[in-house]
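Observations on the model geometry
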Amino acid sequence: MSIASSSTTLQTEATHQPLQRPARKPRPVAEFLSTYVFSKDHKVIGLQFLFSTLVWFLIGGLLALAVRWQIAWPWSDVPVLGKLFAQQGGQMAPEFYTMLFTMHATVMIFLVIIPILAGAFGNFLIPLMIGADDMAFPTLNMLSYWFMWPAFIAFGASFFVEGGAASSGWTSYPTLSTNVASSPGAGWGQTLWLLGLTMVGVSSMLGSVNYMTTIILMRAPGMTMFRLPMTIWAMFITAVLQAFALPVLTAAGFMQLADRTLGTGFFSPEGNIVNNWMQATGGGQPLLWQHLFWFYSHPAVYIMILPAMGMVSDIMTCFARKPLFGYRPMVYSIAGIAGLGFIVWGHHMFISGMNPALGITFMVSTMMIALPSAVKTFNWLGTIWGGKIQFTTAMLFALSFVSMFIIGGLSGIFMAATPVDIFIHDTYFIVAHFHYVLFAGTAMGVWAGIYYWFPKMFGRTMNEFWGKVHFFLTFIFMNGTFFTMHILGAVGFPRRLADAYHYETFHHLQPLNAFMTWCAIGMVATQIIFAINFFWSMFYGPIAGRNPWNANTLEWTAPSPPGHGNFDFQPVVYRGPYEYSVPGAEKDHLMQTDPPNAAAAALAAVH
Amino acid sequence: MNRLSGIFWSLLFLAVPVLGVATFAVAPAFDIWLPKDVSEHGKSIDGLFYFILALTGVVFVGTELAMFWFLWKYDAAKAKGPATYIQGSHTLEVVWTIIPAATLLFLAIYQMNTWADVKMRRPAMSPTVEVVARQFEWRLRYPGRDGTLGTPDDLFLVNDLHVPVDEDVLVQLKSMDVLHSFFLPNLRIKQDAVPGMKIPVWFKATETGQFDIVCAELCGWGHYKMKGRVTVESREDFDRWLEAKYAAQESTQPEADPSEAVALAN
């Protein structure tokens, strides 16, 4: 009620900008294409990213199930998928298995997590949360989505070329990846992989320059940098990370492409023969790729978590009805993670053959990057302390982000310790670690974001009961799948083996792996609940109104869903984003647009 | 009803530390734990593992319990009056920055010596054996009777590594084709083999027995079957084995032209 009234007063005061365009001849096909397909509206582009990435999320999840099937019951007939792909009856070939985990990681990282955070949420939220009518460069923005399509096609088509999709791991280490004879997927599959990767990079770069420009130049009057919600801070710093790190990956990708197709030898030493095939003239160094790759891909780890951290901060404050504990330390720690993130890439290479003295340097910087993460965790705990916690679905996902991020953060310390890393490197311990950060962390943050901003996206709220069922089952199955990986890693169980049970050290681990696979199947099946809830609520959910959660930030002053141009009035910002439960205020939240006299009057009335 | 849902969700978050600790407590009983260590340096690696486990375990249980308690106590259905209006605390920020920073720095310095022992302080000796990884086997080359690698009397074997117990062993690790990783779980050794590089690996085994050699870096479709065995045995048994293998290899060789043999060995 109060929101609607405050915005109507503002609307009459502010210079009203007419949004209607002069009438034109109706051209339904062109209208449809420009509104929903080649749209330059940031919200439509954001939703395009969201739907595309959710489809790939499903594909990546099914790939993961196939991987889990082989680990639990090696060489047994694969249901459904076995008939489609496997060569030996229903049984999975080992080269098919290597392709599966390579493409699972590739799809999840490059086609799901990075584009869903920056592309979907970044696009949808940045202009709305800073009070802008759109992105700074709408055409670039449209291109950033459409450059994903060559990547979708390249990665998708690679499954059907001779030899199958790329199978040298998502890290694509030479000379396995550079020599076309090294494995079946090292032919066309690998070339398409590199092309797809480059296109994802172009898309990210176009998005990144746009986000930085928009956040710096297009904030509403009164929206100072230190009044930005954490989501926007996180998106901003993520964009900076991408802008600095991506060129290195692009260059490295082109070098690998040249090694494969033009006979250069950036990554192959002299006389390197793989499977009786000499690919390049040589004179190169396989470790060079690892340095270049991780110089991008370690910052990319933070590109894959920082936006989720920002979103979770906003959601937790809203449902704890409390200001964010330590706003500035939260901003500085994101910046600290981003800065340190550029000097820790070598911790992926402790046992790679890199100079061990260099390993010590990277170990120290890696230990230090745990610090800003710890500060963030303590501040989240400080945020729920003394709050009035509402257990909505979005809040439950946000809380589980924090709870799971603690596990993912702490397990990182084991790998950061170089001597321990000697034993657990490339075992299931690291698999547990990054799934706790990326799935139990980021994916939970993404779900929190979907449940929280769904009303703004579609004007309707999702079903809370089924949302909570979705949360509960995902939470249980997820921990069943991933927590057990820690103890598997403690045995030294190596990742990427099609069958490890013929080793004396690992032969007794099959029952545990079968348990994990059952949990993974349950986890994927649970998403059916989410899919039904998502699509049903889009059309039949309860009408949300502008501000269903009584939140403070600017997007909640706009209509749900906002029209082209976002705001039906010029938003003016008077305060920070987390003014919940201000003593003396008549309601428990002061929106960023509420004029200051309301708060001052309320305070004066108390004193 | 609302209060019940608050209780339910707080207890779910309480289950995280409870079941988490339980998993680690029960795992060793099912032998799902660090494999038996038979190396000299392994004790300090395992010690560091346990130290970090204890440290992170305390932080894990502490933070997760705090989270449970806040959810339990500050449930909106239970709380009277508004939420506490607080923007943060400078003192707390300083405390929870300094303490983790000091702990992490201590941890960083504390482990350096072990790392240096395993990867930097190479024993002054000539290589015991050269291990050359290739798709999908471990090729071994012992120096033969003259103790020097690269001479005509070198002994060539595949996947069957023997080393003497209680002695420094120096392995010269190479790769013929792609990346591999020489992983000896029981000896707490892992080192990537890189084409174009010669990487030294050393250890001292403290117990006799037969153990796995695993490839830990993806090397192609047959990565899973790149399996070897390492036999740790007494000096006498080792010498006897070496001599037997050497005799077997010699017996299969006709009177070779020495110059040809040199070319082959190089």
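These figures come from a predicted structure and were not determined experimentally.

A look at the overall build of chain A
Within chain A, the secondary structure is distributed over 19 helices and two strands. Computed over its C-alpha atoms, the radius of gyration of chain A comes to 25 Å, within 12% of the 25 Å expected for a compact globule of 607 residues. Referenced to the eigenvectors of the C-alpha coordinate spread, the extents of chain A come out at roughly 80 × 60 × 45 Å. Relative to its full complement of 607 residues, chain A shows a buried share of 60%. Counted over contacts in chain A with a minimum sequence separation of 6, partners at least 24 positions apart contribute 78%.

Topic: the overall build of chain B
Secondary structure summary: chain B contains six helices and 10 strands in total. Taking 266 residues into account, the globule formula puts the C-alpha radius of gyration at 18 Å, and chain B, at 27 Å, lies well above it. Dimensions of chain B, computed from C-alpha atoms along their principal axes, come out at roughly 100 × 35 × 35 Å. Residues classed as buried in chain B amount to 36% of the 266 residues present. Of all intrachain contacts in chain B linking residues separated by at least 6 positions in sequence, the fraction that spans at least 24 positions is 69%.

Side note on the sheet that holds strand β3 (residues 155-158) of chain B
The strands making up a sheet are joined through hydrogen bonds of the backbone, oriented either antiparallel or parallel. Residues and elements named next belong to chain B. Ordered in space as β3-β2-β1-β5-β8, the five strands form an open sheet in which the pairing is mixed. Bordering the open sheet on either side are β3 and β8 (199-204), each of which pairs with just one other strand. Ignoring strand direction, the axes of neighbouring strands in this sheet form an average angle of 25 degrees.

Side note on the interface of chain B and chain A
Contacts between the two partners involve 83 residues from chain B, matched on the other side by 95 residues from chain A. Sort the elements by how many residues they give to the side of chain B that touches chain A and helix α2 (residues 42-73) of chain B lands first, with 14 residues. Across the side of chain B that touches chain A, the residue classes break down as 51 nonpolar, 20 polar and 12 charged.

So, the sheet that holds strand β4 (residues 160-164) of chain B
Residues and elements named next belong to chain B. With respect to topology, five strands assemble into an open sheet ordered β4-β10-β9-β6-β7, the strand pairing being mixed. Both outer strands of the open sheet, β4 and β7 (189-193), are each paired with one neighbouring strand and no more. On average, each strand axis in the sheet is tilted by 25 degrees relative to the strand beside it, whichever way the strands run. Two strands pair when backbone bridges link them, and strand β9 (residues 209-215) and strand β10 (residues 228-233) are joined in this way by five bridges, in the antiparallel orientation. Bridge assignment links I213 to a residue of β10, and that residue is G228. Sitting on the sheet, helix α5 (residues 235-252) is in contact with β4 and β10, with an inclination near 140 degrees to β4.

What about the domain arrangement of chain B?
Residues and elements named next belong to chain B. Split into domains, chain B comes out as domain 1 (2-77 + 92-119) and domain 2 (125-265). The C-alpha centroid of domain 2 is placed 39 Å from the C-alpha centroid of domain 1. With nine residues of domain 1 in contact, the opposing surface of domain 2 contributes 11 residues. Classifying every residue of the side of domain 1 that touches domain 2 gives three nonpolar, three polar and three charged.

A word on unusual backbone geometry
Residues and elements named next belong to chain A. The amide bond that connects P174 to the next residue, T175, takes the cis arrangement and shows omega of 5 degrees. Within the fold, T175 resides in the loop between α7 (148-158) and α8 (188-217). The omega torsion of the bond from S560 to P561 falls at -10 degrees, within 30 degrees of zero and hence cis. Along the chain, the position of P561 falls in the loop between α18 (510-540) and α19 (596-606). Positive phi is not limited to glycine here, since S581 has a value of about 50 degrees. Within the secondary structure layout, S581 lies in the loop between α18 and α19. The buried category is assigned to S581, around which 23 C-beta atoms lie within 10 Å.

Quick word on helix α1 (residues 2-26) of chain B
Relative to the 36 Å expected for 25 residues at 1.5 Å per residue, α1 of chain B spans 36 Å between its end C-alpha atoms, a close match to the ideal helical length. Listed as buried for α1 of chain B are G6, W9, S10, F13, V16 and P17 of chain B. Elements that come into contact with the buried residues of α1 of chain B comprise α14 (393-416) of chain A together with α2 of chain B.

Focus: the domain arrangement of chain A
Note on interface size: it is often stated as the accessible area lost on association of the parts. Residue and element names in this part refer to chain A. Taken as a whole, chain A is organised into domain 1 (42-298), domain 2 (305-542) and domain 3 (543-607). For domain 2 and domain 3, the distance between their C-alpha centroids amounts to 32 Å. Contact residues are listed per partner, giving 16 residues for domain 2 and 15 residues for domain 3. Looking at the side of domain 2 that touches domain 3, the elements with two or more residues in it are α11 (306-320) and α16 (428-458).

Some points on the environment of E93 of chain B
With respect to the secondary-structure elements, E93 of chain B resides in helix α3 (residues 90-110). Sequence-distant contacts of E93 of chain B, defined by excluding residues within four places in its chain, comprise G326 and P329 of chain A together with G88 of chain B.

A word on the nonpolar core
Residue and element names in this part refer to chain A. Core analysis: the largest hydrophobic core is formed by 256 residues, its most contacted members being I315 and A448. Sort the elements by how many residues they give to this core and helix α5 (residues 94-130) lands first, with 25 residues. When residues no more than four places from it in sequence are discounted, the contact partners of A448 are M311, V312, I315, A394, F397, A398 and F401.

With respect to helix α17 (residues 464-491) of chain A
Residues and elements named next belong to chain A. Between the first and last C-alpha of α17 there are 41 Å, a value that for 28 residues agrees with the 40 Å anticipated at 1.5 Å per step. N479 marks the point of greatest bend in α17, at about 25 degrees. Remark: G492 follows α17 within two positions and exhibits a positive phi of approximately 95 degrees.

Side note on the pairing of β7 of chain B
Regular strands place side chains that alternate from one sheet face to the opposite one. Residue and element names in this part refer to chain B. For β7, the buried fraction is high: five of the five residues fall into the buried class. Bridge analysis of strand β6 (residues 180-184) against β7 gives five bridges, and the strand direction is antiparallel. What sits directly across from H180, in β7, is A193. Here β6 folds back onto β7, and the loop between the two strands holds four residues, one of which, R188, carries a positive phi near 55 degrees.

What about the packing of α11 of chain A against helix α13 (residues 356-384) of chain A?
All names here are of chain A. Where α11 contacts α13, the axes come no closer than 9 Å and their chain directions differ by 20 degrees. With respect to their mutual orientation, α11 and α13 come out roughly parallel. Handedness of the crossing formed by α11 with α13: left-handed. Contacts from M309, M316, T317 and A320 of α11 reach α13 at K376, W380, T383 and I384. Residue composition of the contact of α11 with α13, grouped by class: five nonpolar, two polar and one charged.

Focus on the environment of P455 of chain A
All names here are of chain A. Following the sequence through the fold, P455 ends up in helix α16. Remark: the alpha-carbon pair of P455 and L47, spanning 408 residues in sequence, is separated by 13 Å. When residues no more than four places from it in sequence are discounted, the contact partners of P455 are R460, T461, A544, P548 and S560.

Overview of the packing of helix α9 (residues 230-261) of chain A against helix α12 (residues 327-340) of chain A
All names here are of chain A. Interaxial distance between α9 and α12 falls to 10 Å at its minimum, and their mutual angle equals 15 degrees. It follows that α9 is roughly parallel to α12 by the angle criterion. Viewed along their axes, α9 and α12 form a crossing whose handedness is right-handed. Contact residues: α9 offers M230, W233, A234, I237, V240 and L241, while α12 offers M330, V331, I334, A335 and A338. In terms of residue class, the contact of α9 with α12 is made up of 11 nonpolar, no polar and no charged.

Observations concerning the environment of K388 of chain A
Considering the arrangement of structural elements, one finds K388 of chain A in the loop between α13 and α14. Considering only alpha carbons, one finds K388 of chain A and K322 of chain A, 66 residues apart in sequence, at a separation of 7.7 Å. For K388 of chain A, the contacting residues outside a window of four places in its chain are A320 and R321 of chain A together with Y74, A76, A79, P82 and A83 of chain B.

Rules and cut-offs
Counting restarts for each chain: residues are numbered from 1 in the order of the written sequence. Labels follow written order: the first chain is A, the first ligand is 1, and so on. The predicted origin of the model limits local features to residues at a pLDDT of at least 70 and limits the giving and counting of side-chain atom pairs to 80 or more, whereas totals for whole chains, interfaces and linings rest on all residues. Going along the chain from the N terminus, every DSSP run of H or I of four or more residues is numbered as a helix, and every run of E of two or more is numbered as a strand. Our radius of gyration looks at C-alpha atoms and nothing else; its globule reference is 2.2 Å times the residue count to the power 0.38. As a rule, residues whose C-beta atom has 12 or fewer other C-beta atoms within 10 Å are exposed, those with 20 or more are buried, and those in between are partly exposed; C-beta atoms are placed from the backbone. By definition, residues are in contact whenever their C-beta atoms, placed on the basis of the backbone, come within 7 Å of each other. Strands qualify as paired when DSSP identifies two bridges or more between them. Only the stretch in contact is used when a helix axis is fitted, and all axes are lines through C-alpha atoms; the angle between N-to-C directions ranges over 0 to 180 degrees. Here the term charged refers only to Asp, Glu, Lys and Arg, the term nonpolar to Ala, Val, Leu, Ile, Met, Phe, Trp, Tyr, Cys and Pro, and the term polar to all other amino acids, Gly among them. Note that domain bounds follow an automatic or database assignment of domains. Under the convention used throughout, the expected extent of a helix is 1.5 Å for every residue step, that is, one less than its residue count. For our purposes the nonpolar core covers buried Ala, Val, Leu, Ile, Met, Phe, Trp, Tyr and Cys residues that link as a set through C-beta atoms within 7 Å. In this scheme, the bend at a residue equals the angle between the axes fitted to the seven residues that finish there and the seven that begin there. When describing relative orientation, an angle under 35 degrees is termed roughly parallel and one over 145 degrees roughly antiparallel, while 65 to 115 degrees is termed roughly perpendicular and anything else oblique. Crossings are classed by handedness, with left-handed meaning an anticlockwise turn of the near helix from the far one by less than a right angle and right-handed meaning a clockwise turn.

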